[in-house]
Amino acid sequence: MSDVIFTNEMDEEMTLNMGPHHPSTHGVLRFIIQSDGEIIRKAVPDVGYLHRSIEKIGERCTYPGYMPYTDRVDYVAAMFANECWAMACEKLMDITVPKRAQYLRVISCELNRIASHAIALGAMAMDIGATTPFMIFLRERESVNDLTEELCGARLTYNYHRIGGVSFDMPKGWADKVRRWLDRVEPFMAEFDRLITVNDIFIKRLANVAVITAEEAVDWGLVGPNLRASGVKWDLRKEDGYSVYPELDFDVPVGRGQHGSVGDCWDRFFVRSEECKQSIKILRQALDKIDEHPEDDIVGKLPKKIKPEGEAYARVESARGDMGCYVIGKGAEEPYRARFRTGSFTAMGIIEAKSPGLFLADLVALIASFDVVAPEIDR
Amino acid sequence: MAMTPEAIFKRLQEKFGTETVFDFHADPKKDKDPWFQVAPWEIETVCEHLRSEPDFAFNYLECITGVDYPDDHKIHVVYHVYSYPKKHRVVLKCLLDREDPAMPTLVNVWSTANWQERECFDLLGVLFEGHPDLRRLLMPDDWEGYPLRKDFEEKEDYHGIPTVRPNPIELFKITLPSKEPAKA
C-alpha cells in the first residue's frame, strides 16, 4: 500500500512504517511515514485494524441489547458511549430519566473521565520518555476501577447505564469511599503538576510542538480537550447543559499558551490535567446533591414495547470530546441504523495535514497529545 | 443569535429556490431533530453559504452518516452541522440513487469531511466526486462490497480466513454421549 501513496522514488527520502504494533500508537494503528532523515515529509495514518463493525451489530440487536456493545466503542472510557446510546434512545422515545439516575450517571461518567485522563496523561509522559508517571497514574486508575466495580460489577466495560436510567443504585457507604479517594487524589494532582506539568524539561520538550490554531481545530472537527487546548472555550456540558450539569458548578479550562503558543502539545496536556481537577469538583458536588433525591428511583418509565419510529441524534461530552450517537428507528425491535461519531476519528484526520515538517519524535508527542484510542477510531 | 431549523430552512429556500432546498420535516413525534432535503448536486454551494453567511456561521461539521434504504432504492447521506459562534444546529439530507450513489465532496468547505466521507464511501459505497483521497478507510483495500448496505452478504472466507466458525462437534468428530439414561 505504501507504494500507492508515495510514487516518487527520491534517493534521500525513505518510507517508514510505524506500527501497527508500536508502543506509542495506543492500540493497533499504523502510520506510513515518508521522511527525510529525522524530518517527516508526510505521515499517512492507516486505520481499521480494530474495526469490529459496531454500527452493523447495532442493526441486529434490540435497543436495550445493544448497550454492552457500546462499551467497546471506547474501552478506556466506556461510560460515555453507554450514556450516549441511552440518551439517543431516550430522546427518540421521549423518556424522562429520574434525577437520582442522572446524578449517578454524572458521578460514574466523571469518575471515568478521571480514569481516562489518567491514562492519557500517564501514557503521554511515557511516550516522550518519562516512565514513572504512567505507573503512578495506573495506581490511581486502579482505585477508580475498584470503585466502579463496587458500583456496577465491572472494571472496564461497564454496561452500567440503561435506557431510562442506570442499572444499580450506589451501595451503602460507597459515597464516602469516593470522597476518601477524592481527598487522596486532589493533593496528588497538585503534586503531579509540580513534578511533571510545569517541569522545565517537560515544557521544553512539548511547548511549541505541533501547534494547532483554533481555526484549524474547528475546521478539522477536533473536539473536547483537543479543541479547548486550541483556545476555543466550548464544552458540551456547559453549552447543551444535558443531564444535571447545569446544577453543578465547574469551570472549562482552555489552553492559554503559557509556555509556548496556544494549541501546542503542552496545552493539550495541561487542559487534561486541569479537567481532572474540575471533575473532582463536580464529583464532590454531585455526591452531596444526590441525597436530595429518593433512593432506588433509578429507572424512568419505559414504554411496554420498545419499537420506536423516527430519528434522534444525541451528544455527550466524553473524555475524548463531543461524542454523538445517531439512531434511526423504523418501528422494529432493532434500530434501523445506529451511528457513533467519535472524537478520536476526527483527530486522526488532521495528522496527515499537520505532519509535514515535524520531527519523527514529535509525531509521537502529537499522537499522544491527541489521546487517540484505536478502538474509538475504528469502532 | 441562534436560529431555529425552520428559520434556516426558509432563509435557504429564499436564496436557492424550492428545487434545491425542500421537504422540511419536523414531526415532533418522529423527527427529534428537524431536517430537510438538499439537492445532491447543489450541496457544496448550499454548505459554502451555510459556512460563510454571518447569520448562519456553521463552522463545525459534526457527523456524516450514510443510511441505506433498499425499499426506496435510495441511499441517504445525512449531515449534522453545528455553529460554535451561533450555537445552533441543522440537519441536511441528500437522497441518492442507490444504483449509482454519487455526489460532490465537501472537503473544500469543511476539512473534517475528508475522513468522514472516506468512511461513508468505505461502508456504503457513496462516491464523493472531487475528493482528494477516496480510498477504503476501515475495511481492507481489497474488500468486496459495502458492509453497511442492507443487502450485504458476508462471504464464507476472506483470503482463506473463514468468517464463520465451524461447529467443533463436526470439526473434531466428537461423539456425544447418548441422551438415554444408562442402563444398570
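What counts, and where the lines are drawn
- Residues numbered from 1 in each chain as written.
- Chains lettered and ligands numbered in written order.
- Predicted model: local features only at pLDDT ≥ 70, side-chain atom pairs only at ≥ 80, totals over all residues.
- Core = buried A, V, L, I, M, F, W, Y, C linked by C-beta atoms within 7 Å.
- Buried ≥ 20, exposed ≤ 12 C-beta atoms within 10 Å, placed from the backbone.
- Helix = DSSP H or I, 4+ residues; strand = E, 2+ residues; numbered from the N terminus.
- Contact = placed C-beta atoms within 7 Å.
- Nonpolar A, V, L, I, M, F, W, Y, C, P; charged D, E, K, R; others polar.
- Pairing = 2+ DSSP bridges.
- Axes fitted to C-alpha atoms, helices over the stretch in contact; angles between N-to-C directions.
- Expected span 1.5 Å × (residues − 1).
- Domains from an automatic or database assignment.
- pLDDT = per-residue confidence, 0-100.
- Parallel < 35°, antiparallel > 145°, perpendicular 65-115°, else oblique.
- Left-handed = near helix turned anticlockwise from the far one by under 90°.

(A) Main features of the nonpolar core. All names here are of chain A. Residues Cys84 and Ala88 are the most contacted members of the largest nonpolar core, which totals 159 residues. Broken down by element, the residue count for this core peaks at 15 residues, all from helix α5 (residues 99–127). Aside from chain neighbours lying at most four places away, what touches Ala88 is Ala312, Ala314, Cys325 and Val327.

(B) Spotlight on the interface of chain B and chain A. With 26 residues of chain B at the contact, the number on the chain A side is 32 residues. If you list the elements that add at least two residues to the side of chain B that touches chain A, you get β3 (60–69) and α3 (113–124) of chain B. Element by element, the count of residues in the side of chain B that touches chain A is highest for β3 of chain B, at six residues. Grouping the constituent residues of the side of chain B that touches chain A by class yields 12 nonpolar, six polar and eight charged.

(C) Region of interest: the sheet that holds strand β8 (residues 337–341) of chain A. Residue and element names in this part refer to chain A. Judged by pairing direction, the sheet is antiparallel, and its three strands sit side by side in the order β6-β7-β8 without closing on themselves. On the outer flanks of this sheet lie β6 (309–318) and β8, each paired with one strand and no other. Each neighbouring strand pair of the sheet contributes to a mean axis angle of 10°, computed without reference to strand direction. Bridge count between strand β7 (residues 321–330) and β8: five bridges; the pairing is antiparallel. Residue pairing across strands places Ile328 opposite Arg337, the latter belonging to β8. Against the sheet, helix α4 (residues 78–93) touches β6, β7 and β8, its axis set at about 145° to β6.

(D) Helix α1 (residues 5–16) of chain B, seen in detail. Residues and elements named next belong to chain B. The end-to-end C-alpha distance of α1 is 16 Å, a good match for the 16 Å that 12 residues give at a rise of 1.5 Å each. Residues of α1 that are buried make contact with β1 (21–25), β2 (35–38), α2 (43–52) and β5 (89–97). Downstream of α1 by one or two residues, Gly17 has phi in the positive range, about 90°.

(E) Structural context of the sheet that holds strand β3 (residues 39–46) of chain A. Residue and element names in this part refer to chain A. Read from one edge of the open sheet, three strands run β1-β2-β3, paired in antiparallel fashion. Only two strands of the sheet have a single partner each, and these edge strands are β1 (14–18) and β3. On average, each strand axis in the sheet is tilted by 20° relative to the strand beside it, whichever way the strands run. Here strand β2 (residues 30–36) pairs with β3 via seven bridges, running antiparallel. Within the sheet, the bridge partner assigned to Phe31 lies in β3 and is Pro45.

(F) Here's a closer look at the domain arrangement of chain A. Residues and elements named next belong to chain A. Domain parsing of chain A yields domain 1 (2–46) and domain 2 (54–378). Between domain 1 and domain 2, the C-alpha centre-to-centre distance is 30 Å. The interface is formed by 15 residues belonging to domain 1 together with 19 residues belonging to domain 2. Top element by residues in the side of domain 1 that touches domain 2 is β3. It accounts for seven residues.

(G) Quick peek at the confidence of the model for chain B. Overall, the prediction assigns chain B a mean pLDDT of 85, with 98% of residues at 70 or greater. Reported confidences for the modelled complex are a pTM of 0.86 and an ipTM of 0.82.

(H) Highlighting α4 of chain A. All names here are of chain A. Between its terminal C-alpha atoms α4 stretches 23 Å, which fits the 22 Å expected from 16 residues at 1.5 Å a residue. For α4, a buried count of 15 out of 16 residues is recorded, marking the element as mostly surrounded by other parts of the structure. After α4 finishes, the residue Asp94 shows a positive phi value of roughly 55°.

(I) Layout of unusual backbone geometry. Residue and element names in this part refer to chain A. The backbone of Asn159 shows a phi angle near 55°, a positive value even though the residue is not glycine. You can see Asn159 is positioned in the loop between α6 (132–152) and β4 (161–162). Its 17 C-beta neighbours within 10 Å are what place Asn159 among the partly exposed residues. Phi angles above zero are rare outside glycine, and Asn208 is one such case at about 65°. Residue Asn208 is classed as partly exposed on the basis of its C-beta count, with 14 C-beta atoms lying within 10 Å.

(J) Structural context of the environment of Glu53 of chain B. With respect to the element layout, Glu53 of chain B can be found in the loop between α2 and β3. Each C-alpha atom of the pair Glu53 of chain B and Arg11 of chain B lies 11 Å from the other, and the pair is 42 residues apart in sequence.

(K) Expanded view of the packing of α6 of chain A against helix α7 (residues 174–197) of chain A. Residues and elements named next belong to chain A. At their nearest, the axes of α6 and α7 sit 11 Å apart, and the two run at 165° to each other. With respect to their mutual orientation, α6 and α7 come out roughly antiparallel. The element α6 and its partner α7 pack so that their crossing is left-handed. Seen from α6, the contacting residues are Pro133, Glu140, Ser143, Leu147, Glu150 and Leu151; seen from α7, they are Trp174, Lys177, Val178, Trp181, Val185, Phe188 and Ile196. For the contact of α6 with α7, a count of residues per class yields nine nonpolar, one polar and three charged.

(L) Seen up close, the environment of Leu12 of chain B. Residues and elements named next belong to chain B. As for its placement among the helices and strands, Leu12 is situated in helix α1. For Leu12, a count of 22 C-beta atoms within 10 Å puts it in the buried group. For Leu12 and Asp27, which are 15 residues apart along the polypeptide, the C-alpha to C-alpha distance reads 20 Å. When near neighbours in sequence (up to four residues on either side) are disregarded, Leu12 contacts Val21 and Val46.

(M) Summary view of the pairing of β3 of chain B. Residue and element names in this part refer to chain B. β3 sits mainly inside the fold: eight of its 10 residues count as buried. Both β3 and strand β4 (residues 74–82) contribute to a ladder of nine bridges, which runs antiparallel. Bridging from a neighbouring strand, Ile64 pairs with Tyr79 of β4. Between β3 and the antiparallel strand that follows it, β4, lie four residues; His73 among them carries a positive phi value of about 55°.

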